[in-house]
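In case you want the letters, here they are:
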Amino acid sequence: VTLQDQKHCSEIVRLFLNVRLVLVGTFLLAAVVLLMQLADVWLAVTPWKLQWVPYDAAPHAVYTLFLLAVMILWWPHADSRKLGYYDSVNQDETEAGKEACGVVPEQVGAKVDEF
């Protein structure tokens, strides 16, 4: 695996980890909003003039933050085209070149000679 392939793989892994972090953060925020709504139903402490906050504003704010975070993660940059398509199979495959992004086909249960 060449240095360029390793750099590309690290970019993909970094992007995957950031997307996963955004998803986990969004689910945590959504859980907080749900708990806030349940507390308001059980305790009935929110004045009627402010009841739009837990039921209308908070879910929309979580969605807007999620959308903004995903837009920032997928913001186009100089190397964006490389993420769109990557030919991970080397046409001149040798024993040393069987790995693409650190995964050997035999490790994931695929046989190389099936096709």
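K.L.:
Tell me about the overall build of the protein chain, residues and numbers included.
P.N.:
Helix and strand counts for the protein chain come out as three helices and zero strands. Shown N-terminal to C-terminal, the secondary structure of the protein chain runs as helices and strands in the order α-α-α. In the protein chain, which comprises 115 residues, the share counted as buried stands at 12%. Considering only contacts within the protein chain whose residues lie at least 6 apart along the sequence, 61% involve residues at least 24 apart. Carbon and sulfur atoms provide 67% of the accessible area of the protein chain, an area that totals close to 9500 Å².

K.L.:
Would you mind going over the environment of Thr26 in detail, with residue names and values included?
P.N.:
Note on placement: Thr26 falls in helix α1 (residues 3-43). Once residues within four sequence positions are removed from consideration, Thr26 is found in contact with Val62 and Phe66. A polar contact is formed between the side chain of Thr26 and the backbone oxygen of Val22, at a distance of 2.8 Å.

K.L.:
Summarise a nonpolar patch on the surface; cite the residues concerned and give the values.
P.N.:
A cluster of nonpolar side chains, namely Leu34, Leu35, Leu38, Val41, Trp42, Leu43, Val45 and Tyr55, defines an oily patch on the protein surface of about 880 Å² accessible area. Here Leu34 shows up in helix α1.

K.L.:
Please set out helix α2 (residues 52-73) residue by residue, giving values where relevant.
P.N.:
For α2, built from 22 residues, the straight-helix expectation of 32 Å at 1.5 Å per residue is met to within 8% by its first-to-last C-alpha distance of 31 Å. The principal kink in α2, of about 30°, is found at Ala58, preceding the proline Pro59 by one to four residues. Among all positions of α2, only Pro54, Ala58 and Val62 are buried.

K.L.:
Let's hear about the confidence of the model for the protein chain: which residues, and what values?
P.N.:
With 63% of its residues at a pLDDT of 70 or more, the protein chain shows a mean pLDDT of 78. Of all secondary-structure elements in the protein chain, the lowest mean pLDDT belongs to helix α3 (residues 80-84), at 69, while α2 reaches the highest, 94.

K.L.:
Run through the side chain of Asp40, naming residues and quoting values.
P.N.:
Counting through the fold element by element, Asp40 comes out in helix α1. For Asp40, which is buried and forms no salt bridge, the nearest opposite charge comes from Lys49, at a distance of 16 Å. Within the local environment of Asp40, its side chain forms a polar contact with the side chain of Thr46, the two groups lying 2.5 Å apart. A polar side-chain atom of Asp40 sits 2.8 Å from a polar atom in the side chain of Tyr55. Setting aside chain neighbours within four positions, we find Asp40 in contact with Val45, Thr46, Gln51, Pro54 and Tyr55.

K.L.:
I'd love a proper account of unusual backbone geometry, names of residues and values included.
P.N.:
A positive phi is found at Ala44, a non-glycine position, where the angle reads about 50°. Assignment of secondary structure puts Ala44 in the loop between α1 and α2. With a relative accessible area of 60%, Ala44 lands in the exposed category.

The rules behind the values
Residues numbered from 1 in each chain as written. Predicted model: local features only at pLDDT ≥ 70, side-chain atom pairs only at ≥ 80, totals over all residues. Heavy atoms only, no water. Helix = DSSP H or I, 4+ residues; strand = E, 2+ residues; numbered from the N terminus. Buried < 20%, exposed > 50% of the residue type's maximum accessible area, 1.4 Å probe, protein only. Contact = heavy atoms within 4.5 Å. Areas by Shrake-Rupley, 256 points an atom, 1.4 Å probe, with all protein chains shown as cover. Polar contact = N/O pair within 3.5 Å; in protein donor to acceptor, adjacent residues only side chain to side chain. Patch = residues over 30% accessible without salt bridge, like charges linked within 9 Å, V, L, I, M, F, W, Y side chains within 5 Å. Salt bridge = Lys/Arg side-chain N within 4 Å of Asp/Glu carboxyl O. Expected span 1.5 Å × (residues − 1). Bend = angle between axes of the 7 residues up to and from the residue. pLDDT = per-residue confidence, 0-100. Lys, Arg positive; Asp, Glu negative; His and termini not counted.

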